[in-house]
Amino acid sequence: MSFHFDTIIITNTCDKDAHIRITLFYTDKPPIQNIEVTVEAQRVRCLRTNEEKDFGKHTAAFEEQYAIMLESDVPVVALYGRAEPRKVAFYTENGFSCD
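Presented here is an overview of the structure given in this document.

Definitions and cut-offs
Residues numbered from 1 in each chain as written. Predicted model: local features only at pLDDT ≥ 70, side-chain atom pairs only at ≥ 80, totals over all residues. Heavy atoms only, no water. Phe/Tyr/Trp six-rings, centres within 6.5 Å; stacked < 30°, edge-to-face > 60°. Lys NZ or Arg CZ within 6 Å of the ring centre and 35° of its normal. Pairing = 2+ DSSP bridges. Helix = DSSP H or I, 4+ residues; strand = E, 2+ residues; numbered from the N terminus. Axes fitted to C-alpha atoms, helices over the stretch in contact; angles between N-to-C directions. Buried < 20%, exposed > 50% of the residue type's maximum accessible area, 1.4 Å probe, protein only. Salt bridge = Lys/Arg side-chain N within 4 Å of Asp/Glu carboxyl O.

1. Looking at the packing of aromatic side chains
- Considering all chains together, one arrives at zero aromatic pairs under this definition.
- Seen from the ring of Tyr26, Lys29 lies directly overhead, with NZ or CZ sitting 4.3 Å from the centre.

Dropping the structure here:
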């Protein structure tokens, strides 16, 4: 069985909800901007980039090259993970924040 998914795991340790704005950047088309999600106070939310319930009509296709920018009104921690059917079964990437 072949499967894949990319996940953004957003942790909000603050005492108020985090309002997140997501931008998707692609190699061969204009960016998709203003995808909005909320992560409740002191909660975690996992978003799969290939799930319409998380990204609406902007889901990522398998092997599509893209990058993600998150903007939040409170500090959050974000982790990106990928599970795929090729030899690399799962890996994560660290992000960074700029003030």
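2. A few points about the sheet that holds strand β5 (residues 66-72)
- Read across the open sheet, the three strands follow the order β3-β2-β5; overall the sheet is antiparallel. With one partner strand each, in any of the chains shown, β3 (32-39) and β5 form the two edges of the open sheet. This sheet shows a mean twist of 25° between the axes of neighbouring strands, independent of strand direction.
- Relative to β3, strand β2 (residues 18-26) is paired through six bridges, and the arrangement is antiparallel. Within the sheet, the bridge partner assigned to Leu24 lies in β3 and is Ile32.

3. Observations concerning unusual backbone geometry
- Positive phi, close to 65°, is recorded for Asn34, a residue that is not glycine.
- At Gln42, a residue that is not glycine, the phi angle is positive and equals roughly 55°.
- Relative to the elements of secondary structure, Gln42 occurs in the loop between β3 and β4 (43-48).
- Judged by its relative accessible area of 49%, Gln42 is partly exposed.

4. Here we look at the pattern of salt bridges
- Counted under the stated rule, the structure contains one salt bridge.
- In this structure, Glu71 and Arg21 form a salt bridge, with 3.4 Å as the shortest nitrogen-oxygen distance. Of the two residues, Glu71 is situated in strand β5 and Arg21 in strand β2; the sequence distance between them amounts to 50 residues.
- The partly exposed category is assigned to Glu71, whose relative accessible area is 31%.
- Residue classification places Arg21 among the partly exposed positions, given a relative accessible area of 35%.

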